Structures are given as C-alpha cells and as structure tokens.
Amino acid sequence: MKRTGLATLVALGVLPATASAQTPPPAPTPAPPAPAPATATMAVSALDTLDGAAFTSRSFTARVVMKPYVANETAVLRVYRGNKKIRVKTLTFKPVAGGTAGVATLKVKSAKAGTIALRASHAATPGLGTVRTKTTKVTVVRPFATTGSRGPAVRILQSKLAAMKYVVPRTGVYDGGTARAVMAWRKVAGLSRTYTATSEVFNGLLAGKGQFKVRHPKDGRHVEARLNSQVLALVNGSKVERIYHTSSGAPATPTIRGKFRVYRKDPGTNAKGMVDSAYFIRGYAIHGYASVPPYNASHGCLRVPVPNARAIYDWLRLGDVVWVEA
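None of the values given here were measured: they were computed from a predicted structure.

Engineer: Looking at this model, I keep getting lost on the pattern of salt bridges. Mind explaining?
Structural biologist: In this structure the tally under the stated criterion is eight salt bridges. Two residues, Glu-325 and Arg-215, come together in a salt bridge whose shortest N-O distance is 3.5 Å. Pair noted here: Glu-325 is in strand S19 (residues 321-325) and Arg-215 is in the loop between helix H4 (199-206) and strand S11 (221-226), with a separation of 110 residues, a long-range link. Classification of Glu-325 as buried rests on a relative accessible area of 17%. Put simply, Lys-259 and Asp-219 hold a salt bridge, and the shortest N to O gap is 3.3 Å.

Right, dumping it as structure tokens:
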C-alpha cells in the first residue's frame, strides 16, 4: 500500500482539517504603555491677613495654587492649631491664567489665639503625580491691646492708626503714645473715650472708620481743631498730616471759635505750665500741658500732650491759619 499524504487523507475525510494547522497563530499586538502622570507643583498661602496675622474674630482665606491645571484633580487642605488638626477639606481646582494653573480657596477661622498651620497635598492619580505644599503659618491673635501689650496685635494697631495719620509710635509696644492715638481715634470715630484698644477699635480701623475729614483745603498749611471731637489736625491743603488728642476750654472758659492765624510763638515752658505755645488770638494758644483729659478742661487754650507739643510747635509757622470749630 502506498503512503498517502496528509493532504489526501484530509481530502478523503480520514483526518480532520485541524491536523494540518502546524504553524502557531500570530502573537497579539501589545497595547501602548499608559502615559506617565503629570508632574506638578503646589503652594498654599494665606490671604486677608494683616502682616501675616489674623484676629480670632475674623476669617482669612487659604489659597492653594497648582501648576499645571489638570481637570477634575483635587487637593486635601489640612489646618492645624499647634499640634491639633482642626479642619480637613478636599478642594477642587478652577483654571486660571489661561488654564496654566489651578486655584482653590477656603475660608479659615480660629476661635482661639495661636499659630495656624496650613498644608495641602494631592495623592497620585493616573493624570497627576503626588505633590505636597510647604507649611504656611498664620498667627491668630485677640483683637485687644492695652498699656504694656506687645506683639502682632499692637503692630497692626499702630500700622492702621499711622495710615490714618494719627500720631503713634511704631514700636510694637502699647505705650503712652499709642494710648493717646487710640484716644484720638476713638473721639473721631464717636466711641467711648478710653485708652484701650478693644475689638470695637480693631474692627473699626479695619473697616476704615475714624477718618478725619478736611473742611478747609484752600487754606494751605493750617490747623483744624474740632471741639466736639476734642481733636486737632495739622493739614496741608486737602491732606491730613497729623492728628492729635487735645483738650479745649471748659464750659466756664470756652475756647473762642472762628478762623485765626498764628501771630506769636513762645518756646519752652512758661510760668503757667504752658509748653511750646503758638498763639492764634489774644491769650489763646496751642500748647503742651501736663493734664490733657479726654474732655474740654482748659482755660480756653487748645492743650496737647507735652510729648507732642514740640512737634506741633515746629510744624506751625507764623501766619498759618487755625480753624476752631464744633
């Protein structure tokens, strides 16, 4: 019998067709590798603070910025006071700067004084790698200061008073000069006349209250004394240069009202205890005195604290206008 080939056997049905499939099937084409997650940078900052500080009565804004912006990515912001975690929030970024960065914000408030630490992190996803921020710290202080106080609250207080032209030292210590400036501001703002900076003072300053409004800008360098407020301002045109706490004439010896000019200047201390006097009509003068209460108590002159007398005396020139009004 002749040997029959495989093809013949398959054709005759003796062997199944699969018997001829000796060549293995081609291997599947491998899928392309997934793209690596994007590398990002992220930073957290504190907005609405005052020289890096915040008050227990007011919130500030924590702002997280990520570059680049990747849609639907989030970050977790953790807020600590000391070693205690007080808040955790997942934030979703919104595109800014033409989509080159993402920004997310959160209002933060602490009922207690202390150091607040802000940290944000993003866990790796298919679209974005792991990224963490450095820690940003905010000092939270009580909005209160009085004689002997020092630190951020006092520095903020002095900065705000100085910006409004109240004469105040910038030492970070609540001294006599700071107390007098607070008194002058309280008078203009219409608050009770004390030397303490309460939350009412801080909130008022931050809201822009206590601005001295010039009434006589056409008089050039001049003085505007307000008897109702018991304050005195040195003004150059429409610009307030300095504001002082003062005490005018008592009800029995009231200060004369009107428009006057400085006609005489006497340096030093006279027999009546008047220091560095600038006379504007008859015996009425702007001068330093040992006692300058929050109310009108003089014999008719405009008393100013002795530590302020020389600066006012040097600023005034003969012929300068002095307005004395309610």
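Engineer: Looking at this structure, I do not really get the layout of surface pockets. What am I missing?
Structural biologist: In this approach a probe as big as a water molecule rolls over the atoms, and the regions it shows empty are the leftover space. Reported here for the largest pocket is a volume of approximately 220 Å³. As for the largest pocket, its lining consists of 13 residues, and the residues nearest its centre are Lys-272, Met-274, His-287, His-299 and Cys-301. For the lining of the largest pocket, the element with the highest residue contribution is strand S17 (residues 284-289), accounting for three residues. Here the lining of the largest pocket is built from residues that sort into five nonpolar, six polar and two charged.

Engineer: What is the right way to read the side chain of Gln-158 from this model?
Structural biologist: Relative to the helices and strands, Gln-158 resides in helix H2 (residues 152-163). Reaching out from Gln-158, the side chain makes a polar contact with the backbone nitrogen of Thr-171 at a distance of 3.2 Å. Setting aside anything within four residues of it in sequence, one finds Gln-158 in contact with Val-168, Pro-169, Arg-170, Thr-171, Gly-172, Val-173 and Thr-178.

Engineer: Would you mind going over unusual backbone geometry with me for this structure?
Structural biologist: Excluding glycine, most residues fall at negative phi; most peptide bonds, likewise, are trans. Lys-67 connects to Pro-68 through a cis peptide bond whose omega is 0°. Looking at where Pro-68 falls in the secondary structure, it is placed in the loop between strand S3 (60-67) and strand S4 (74-81). Residues other than glycine seldom take positive phi values, yet Ala-97 does so here, at roughly 50°. In this structure, Ala-97 sits in the loop between strand S6 (94-96) and strand S7 (101-108). According to the relative accessible area criterion, Ala-97 is exposed, its value standing at 55%.

Engineer: What exactly am I supposed to notice about the pairing of strand S5 (residues 84-92) here?
Structural biologist: For a regular strand, the rule is simple: side chains alternate between the two faces of the sheet. Two elements, S4 and S5, share eight bridges in a ladder whose sense is antiparallel. Paired with Val-79 across the two strands is Arg-87, which belongs to S5.

What counts and how
Residues numbered from 1 in each chain as written. Predicted model: local features only at pLDDT ≥ 70, side-chain atom pairs only at ≥ 80, totals over all residues. Heavy atoms only, no water. Salt bridge = Lys/Arg side-chain N within 4 Å of Asp/Glu carboxyl O. Helix = DSSP H or I, 4+ residues; strand = E, 2+ residues; numbered from the N terminus. Buried < 20%, exposed > 50% of the residue type's maximum accessible area, 1.4 Å probe, protein only. 1 Å grid on protein atoms, 1.4 Å probe; cavity = no way out; pocket = protein on both sides within 12 Å on 5 of 7 lines; lining within 4 Å. Points joined across faces, edges and corners; volume = space filled by probe spheres on them. Nonpolar A, V, L, I, M, F, W, Y, C, P; charged D, E, K, R; others polar. Polar contact = N/O pair within 3.5 Å; in protein donor to acceptor, adjacent residues only side chain to side chain. Contact = heavy atoms within 4.5 Å. Pairing = 2+ DSSP bridges.

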